[in-house]
Structures are given as structure tokens and as C-alpha cells.
Amino acid sequence: MCVYTRRYAAKQYYRGQTGRLANLSPVKVRKFGQIHSNKFELCDIWAYIPCPIQKQLVRDMSGKTLYDKIWDAHLVRTGEDGTALLYIDRHLVHEVTSPQAFAGLRMAGRQLWRADSILAVPDHNVPTTDRAAGIEDPVSREQVNVLDNNCDEFGITEFKMDDVRQGIVHVVGPEQGATLPGMVVVCGDSHTSTHGAFGALAFGIGTSEVEHVLATQCLIQKKSRNMRVVVDGRVKSGVTAKDIVLAIIGKIGTAGGAGYTIEFAGEAIRALSMEGRMTVCNMAIEAGARAGMVAVDDKTIEYVKGRPFSPSGETLGQAVAYWRTLYSDDDAIFDAEVILKAVDIKPQVTWGTSPEMTVAIDATVPDPADEMDEVKRNGMQKALDYMGLKPGIAIKDISVDRVFIGSCTNSRIEDLRAAAEVVKGRKVAAVVKQAMVVPGSGLVKKQAEQEGLSVIFQEAGFEWREPGCSMCLAMNADRLKAGERCASTSNRNFEGRQGQGGRTHLVSPALAAAAAIAGHFIDVAHLENL
Amino acid sequence: MRAFVTHSGIVAPLDCSNIDTDAIIPKQYLKSTCRSGFGVTLFDDWRYLEPGEPGQDHGQRKINPDFVLNQPPYDRATILLARDNFGCGSSREHAVWALTDFGFRAVIASGFADIFFNNSFKNSLLPIVLKEKYIDFLFQIVNDNPGYQLQIDLTQQRISGDDFEAIGFEVDKFSKHCLLNGLDDIGLTLEHSDSIRDYEGEHRRQAPWLFRA
């Protein structure tokens, strides 16, 4: 894999992470003076750093990135101190991060600015088993009730728990056409980056910022820097969007995108479906970037058309004309650029407690002793201890107790189709205590049932559940027990994320399905040999 | 919002990078609809030896004696020292509420996750970014002198201790202004209501499909 970076390389070098750079050498860096040409040239990584004035001059003369365009189009005002007031088009709301914001609004005696910009849906606390009985846990039930009451009181559109349109907020938004190209989308949820797949600027916010948007329709923001991650060429068969994004995170690290908005580009990204692009943008936050985005193309527009919240008739034509301008200009300047060769990317499995701790399915668990940096080495050892793994074990020899197919990363129809294709005609291994599929929304569930996917899963021994966040973060009853190991299509393998003491390995839907069948991690291509 | 001008307090060292908000406050406590009461479950999985649930008497739970915040005098710490990418992961502001509820007024680290960083300022928790060499230095001095105290002066943007000259830090002008004066930024934004309405009118003309009502 070849990585070209400018600011990023220098930053890493400065931090003394020479071990990583050495692996990538020679580091190819785009020289500042050659920014207008598309040529890449080998040079000393210290050579590129321009002085800020020089950089600003060139930036002013050059084109805009996709992020620049959307930012500029939503700038209400810039204060003397440089702070920007940014207008918000779509505010997605769920039950966990909004109650204190509504309470704050009431306490201050403030009005809701624009109810029609909001779409609300409970997703974190909802049960994935029979909903008829409601929510058993009284604390969870209360939180969902508070959302229902707030939406009723303020006149906000909400898909309540018994609505077929209910589901994970980041699945529901795009599915309803509530996420459109060129929008600024926010939600009190870090995985809001998902919506950037539509050529929108979408990022997660805290509860105080939720309250700020409710009251003002704006946010006080500092502009991020621009990073482009190019995945060049086509991926090999069996490599999915999840593998691409895990490989990117493995390369730049969980803090690699901090302070940046990442635009994902290149042939491999363009070749992805909208579902695949959502998977990639969803995990931009796992690379430290608040927002990830992909330029608009025909696929974007085709996906958006005809959905309940999408424009139609004459307005659609007007919208499409604008949407077609949503790409980065050829001469736009990125503060950092990372290039991966798609052909080098293999199916990924995480081995540790941070999404950057990822390796290929045919690799072994890395040895902390090989890491030069002391803080990183300690982090690796801590992760191995928590995960109950030893260095040098082949990933394929790691057995799993549970399998979870779901979450805002991988619970859309395409994900379920990919998993069902692997599962079809096979049985979940006896050693696997539980394998479950949790569709991203009621509509995804319905479609999967119409396509016969639910039958394939159930015949294989999977549980077919109601939609919600479920075991991605285990706020409802779906959780791992201490020491249990899970092949999960979710986005975070943090300690305790899926239940205290639970051990999470992040994988694609196809790999999760394969692990369920084999009882251990296995490349889908090798499943036949069982 | 509570103002932050100067602060002096004990520094607790937490020598890891990538401390995520799931670790700062686990998911089961996010079911609360209040902003307070999270301090007792801050770093819950690391702080207690047995699992916890909301509503239980946490005073009865077995604590982990090896965890820094359970070791006096760090149970009275008000400044947290950590490594890169502090507060990564989930956007949950409950992580900041848990830190402030415990008594923390500042976190010093070599880097913060963006959402956590923003959330901190909204709650008068000062996130201070220092270069790694200063972080290494502070870890050494704090580890060598348990209970070590630092003074933070936001007006002067500097940290000082008994054994060293001041270390300067950056903070953006707007956040500093809000913190020094304890200002509510919603109130400040609403002073620009006319600008927002003007923008909104123009935006509606240019992109009518974004407005349903």
C-alpha cells in the first residue's frame, strides 16, 4: 500500500512514529509547488510545509473542495474572532442525547426554531424482540417516552417504536430522503458522518449543541481542514466497503483524521453502492474525522429520487442541477492526502480494542514487542490482555461465541443480502451460542422478508430481530457476557462496548456470516473447504 | 455556565492514549434524562470490580484499588492528565458531565477527539492540548510527586507548577471569552437572529426543496 501525505506525514514524523513511516517508505509527498499539476514526486517530507500566508494565497486562487462548497453555502456570518455561524438543514434526533436539550430549551423559555428540519426516531433503547409488550426496562422505557412527549409537544415528525419506518436514525434518514446532497446534517450521535455519503456535510454533536440547533437552527463552528483519502483502482472480489474503511483506519489511525473532514475518493469508492459509501463514511469518525463525504454522482441522485422527503417535479430538476455541482474542483487543495491501492486491501478483522487495531483475515495477531513507541506498545498489550489473545495466533484460529449482523454501519439491505449469500444452505456452527441479524429499519426488515432473506437466516439458525441499534452498544437487552467473543458488523471494538467484559471483532457482513457458519474467522472463499 | 478563570488542583495521571467516551461513561448510564449524577460512575468499568447498573447504590460496589481515581489523593483530583485522542468515539456529552460531576475542571492531553473537545467548552471543562514532550514531562513530575498540584490560568493561557516555569497553551478566542465570562453561547447566537432569518430567507429561495413547511 502506498501512502502519499503532506501535512499528515510530517505530523506523524514529528510525533516520532517513525516505525509506521518506515513501513511505508519511501513516503511519497506531493510538493507544494506542484499543487496544480497532478504529478506526485518523491521528496523529503520536511520539504512540503509551506508558510501559512503562502498556503492561503494559493488556496484563494484555486478551486474548492466539496467540503468548502457546502461550508460556504451555509455560512450565516463570520465573527471578528473568526468563529463561523453555520446553518443546519437537517437535524436528526434520537432518545439518548436529546432529553437534556429539550429540558434546557424549556428551562430557558426558548422557542424551537424550525420544527420541519427535524426528524426523530427512537433507536438505542428499543427492544429487538417482540415489541407488543413495550420496553421491559423502566429506565429505557422512560427515555423513549420522554422523546415521544417532546416530539408531540414541539410538533416534530417522529417515527415511534411501533411505526414500520422506525429504525436506526442513520439508516432511516437516507431511506426517507431526509438526507439530501448539499445539506448540512447534524445529530447528537457521532455516526452522523454516515450521511456524508450523499455529498452532504454531516457530523455528530453533543447535547449542548443539540439544544443550540433546536433554539437557533445554527451551530458555532470552526472550519476543519480538508483531507482526501483516495482508494485507487478496484478491490479484489470478496473485499467490501467495511474492509476498505477498516484498512483506511488501520493506515491513518484513530486520531489520523482529527481536525479534518475526509473526502473519500478514487475508483474503488466510486464503484461502491450508496450503501457501501454509507458504511465508509459511517466510520470516518473512527478515523477521528467528525465528517466523511463522497462527491455526488448518478448513483447518489438515483438513490435519492422518489423518497418521501425528497423533492419531486420541478423542484427536483432544480435540486439535481445544484447537486451536480457537488464535487471537489480539480485544482482544489487538500491539507492532507492519503492514497491506498485498492488491490492491496484484503478482508479485515480487528484484533484489539480500537478500530485501528485491524489486520487481514489471513494474518496473525501482532506482537507488541515489534512496536517501537512505548505508549503504543502498552496500548497493544492492554488490548491483547482484554481480548484474551496472544501475539502470533492466526486470525483464522480465533473462535467466536456470538455473531451480530446489524448497526448503522452494516444493517442495510445490501449488507443483509451479502450475509445471506454466505449463509444460504448452511448452518450456524454448534459452538456459536447465538447469531443474530438486526435489520437497520422496519422497511429494511420488510424488504429482506420479501426477498426471502429472513428465511435463509432463520433456516441457518440465525435469530431474525426487530430494528434498532441493539448489540452495537448494548443499551437494550442485547449484550455480550464477560469474556464472550463476538464477530460484529458494528463500528466500535472498545472495551465493554457490547457488554462489560465482552470481546468485539469488527468485520464485514460477509465475514460475520462466514464466522457464524465456521465457528471461527474464515475467508468466505475458504468456506467451501469446510 | 460556570466561569473558568484560574484553577489550582491535584493532577491525576491516566497514562493511555485513545481513551474513549464508552470508557469514560458506559452506555447503561446514558438512560438518564438529567445532566447530573454521572460522577459516581465515571470510568465505571475501570473503577469498580463488578458491573454496575443505573439506580443502584454505587457506594456498596467493590472498588478496583489499582485504578488511579480510587487512590488518595487522586480521589480529590480536579485536573486529568492523559495522552492523545482523549474522548474519542461516541458523541455522548455524558462523558463531560461525568468528569465535571466527579470534580474535574480541566483535562490536559496531547490531543482530543473533536466532539469531546467541543462538548467540554460547553460545560466549563477546559481541554488543554500540549505537545507530547510537555505531556511526557508532566507525567514524569506527577508520577514522581503524587498529589502534585498545577495552577491553570486561562487569562494568561498558561499552566504552572512549583518546579517549573509556565507552559503556555492555545485556546480559541471565542471559547476563551465564553469560559472567562461563563457565557451561554445560545444567547450569543440569538443576538444574531436577524442574520439567521435573512440567511434562511435566501436559502429557501435558492433551495426550496430543503423546506417542507
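Model, not experiment: these values are computed from the prediction.

### Quick look at helix H16 (residues 442-450) of chain A
Residues and elements named next belong to chain A. Looking only at H16, the buried set comprises Gly442, Val444, Lys445 and Ala448. Buried positions in H16, seen along its axis, are confined to an arc of 160° and lie on one side of it. Looking at the buried side of H16, the elements it contacts are helix H7 (169-176), helix H15 (413-423), helix H17 (453-460) and strand S19 (463-464). Once H16 ends, the next one or two residues include Gly452, with phi positive near 85°.

### Regarding unusual backbone geometry
The phi angle of most residues is negative, glycine excepted, and most peptide bonds adopt the trans form. Residues Pro72(B) and Pro73(B) are joined by a peptide bond in cis, for which omega reads 5°. Within the secondary structure, Pro73(B) sits in the loop between helix H2 (44-47) and strand S2 (79-81). In this model, Ala474(A) sits at a positive phi of 55°, which is unusual for a non-glycine residue. Checked against the element boundaries, Ala474(A) lands in the loop between S19 and strand S20 (485-488). On the basis of relative accessibility, which here comes to 3%, the residue Ala474(A) falls in the buried class.

### Describing the packing of H15(A) against H16(A)
Residue and element names in this part refer to chain A. Relative orientation of the contacting elements H15 and H16 amounts to 40°, with a least axis distance of 10 Å. In this view, H15 runs oblique relative to H16, as classed from their interaxial angle. Crossing of H15 over H16 shows right-handed handedness. Taken together, the residues of H16 that come into contact with H15 (itself represented by Ile413, Leu416 and Arg417) are Val444, Gln447 and Ala448. Classifying every residue of the contact of H15 with H16 by side-chain character gives four nonpolar, one polar and one charged.

### Side note on the confidence of the model for chain B
The predicted model of chain B has a mean per-residue pLDDT of 97, with 100% of residues at 70 or higher. Predicted complex metrics record ipTM = 0.97 and pTM = 0.92.

### Quick notes on the interface of chain A and chain B
Chain A puts 77 residues into the contact, and the matching count from chain B is 59 residues. Between chain A and chain B the total buried area reaches about 5,700 Å² when both faces are included, carbon and sulfur atoms providing 56% of it. A per-residue breakdown of the area chain A buries against chain B is headed by Gln100(A), Trp113(A) and Gln500(A), which together make up 11% of the total. Put simply, chain A and chain B have five salt bridges between them. Across the contact surface, chain A and chain B share 31 residue pairs in polar contact (both at pLDDT 80 or more).

### As for the nonpolar core
Counting residues in each nonpolar core, the largest one holds 116 residues, and the members touching the most others are Phe462(A), Phe43(B), Phe86(B) and Leu99(B). A per-element tally of this core places helix H18 (residues 509-518) of chain A first, with nine residues. Those residues within four positions of Phe86(B) in sequence are excluded, and the remaining contacts are Ile19(B), Ile24(B), Leu80(B), Leu99(B), Val107(B), Ala109(B), Gly111(B), Phe112(B), Ala113(B) and Phe116(B). Ranked by size, the runner-up nonpolar core spans 105 residues in total, among them Leu246(A), Met274(A), Cys281(A) and Val296(A).

### Digging into helix H4 (residues 114-122) of chain B
The α-helix advances 3.6 residues per turn, and as a result positions three or four apart in sequence lie on the same side. Residues and elements named next belong to chain B. Counting buried residues in H4 gives seven out of nine residues, a clear majority hidden from the surface. Burial in H4 covers these residues: Asp114, Ile115, Phe116, Asn119, Ser120, Phe121 and Lys122. Positive phi shows up at Ser124, right after H4, with a value of about 60°.

### Description of the sheet that holds strand S6 (residues 118-120) of chain A
Residue and element names in this part refer to chain A. In space, the five strands of this open sheet follow the order S7-S6-S5-S8-S9, with parallel pairing throughout. Each having just a single partner strand, strand S7 (157-158) and strand S9 (201-204) make up the two edges of the open sheet. Where strand S5 (residues 90-93) and S6 come together, three bridges link them in parallel fashion. Along S6, the bridge assignment pairs Leu92 with Leu119.

### A look at empty space enclosed by the protein
One water molecule sets the probe size; rolling that probe over the atoms shows where empty space is left. All names here are of chain A. Under the definition given, this model contains four cavities of 30 Å³ or more. Size it by volume and the largest cavity reaches roughly 220 Å³. Considering the residues around the largest cavity, the lining is formed by 23 residues, among which His124, Asp189, His191, Leu473 and Arg497 are closest to the centre.

### A short note on the domain arrangement of chain B
The assigned domain composition of chain B is domain 1 (6-182) and domain 2 (184-213). Between the C-alpha centres of domain 1 of chain B and domain 2 of chain B the distance comes to 36 Å.

### Considering the environment of Ile361(A)
All names here are of chain A. With respect to the secondary-structure elements, Ile361 resides in the loop between strand S16 (358-360) and helix H14 (374-387). Ile361 gets classed as buried once you look at its relative accessible area, which sits at 2%. Ile361 sits 35 residues away from Lys396 along the chain, and the two C-alpha atoms are 6.8 Å apart. Setting aside anything within four residues of it in sequence, one finds Ile361 in contact with Pro347, Val349, Ile395, Lys396, Leu511, Phe521, Ile522 and Asp523.

### With respect to the side chain of Asp153(B)
All names here are of chain B. Among the structural elements, Asp153 can be located in strand S5 (residues 149-153). One buried charged side chain, Asp153, makes no salt bridge at all; its nearest oppositely charged neighbour is Arg158, positioned 5.0 Å away. If near-sequence neighbours (up to four positions away) are discounted, Asp153 is found in contact with Val5, Thr6, Arg158 and Phe169.

### A look at the environment of Lys445(A)
Residues and elements named next belong to chain A. Tracing the backbone through its elements, the reader meets Lys445 in helix H16. On the basis of relative accessible area, Lys445 is assigned to the buried category, the value being 14%. C-alpha separation for the pair Lys445 and Ala247, spaced 198 residues apart in sequence, amounts to 29 Å. Once residues lying within four places of it in the same chain are set aside, the contact partners of Lys445 are Pro439, Trp464, Arg465, Glu466 and Pro467.

### Overview of the pairing of strand S11 (residues 225-232) of chain A
Residue and element names in this part refer to chain A. Buried residues dominate S11, accounting for six of its eight residues. Taken together, the six bridges between S11 and strand S12 (residues 260-265) define a ladder with parallel strand orientation. For Val230, the partnering residue across the bridge sits in S12 and is Ala265. This β-α-β element, S11 to helix H9 (residues 241-252) to S12, shows right-handed connectivity.

Cut-off values and rules
- Residues numbered from 1 in each chain as written.
- Chains lettered and ligands numbered in written order.
- Predicted model: local features only at pLDDT ≥ 70, side-chain atom pairs only at ≥ 80, totals over all residues.
- Heavy atoms only, no water.
- Buried < 20%, exposed > 50% of the residue type's maximum accessible area, 1.4 Å probe, protein only.
- Helix = DSSP H or I, 4+ residues; strand = E, 2+ residues; numbered from the N terminus.
- Arc of directions from axis to C-beta.
- Contact = heavy atoms within 4.5 Å.
- Axes fitted to C-alpha atoms, helices over the stretch in contact; angles between N-to-C directions.
- Parallel < 35°, antiparallel > 145°, perpendicular 65-115°, else oblique.
- Left-handed = near helix turned anticlockwise from the far one by under 90°.
- Nonpolar A, V, L, I, M, F, W, Y, C, P; charged D, E, K, R; others polar.
- pLDDT = per-residue confidence, 0-100.
- Buried area = accessible area lost by both parts, 1.4 Å probe.
- Salt bridge = Lys/Arg side-chain N within 4 Å of Asp/Glu carboxyl O.
- Polar contact = N/O pair within 3.5 Å; in protein donor to acceptor, adjacent residues only side chain to side chain.
- Core = buried A, V, L, I, M, F, W, Y, C linked by side-chain atoms within 4.5 Å.
- Pairing = 2+ DSSP bridges.
- 1 Å grid on protein atoms, 1.4 Å probe; cavity = no way out; pocket = protein on both sides within 12 Å on 5 of 7 lines; lining within 4 Å.
- Points joined across faces, edges and corners; volume = space filled by probe spheres on them.
- Domains from an automatic or database assignment.
- Lys, Arg positive; Asp, Glu negative; His and termini not counted.
- Right-handed = clockwise from strand over helix to strand, strands pointing away.

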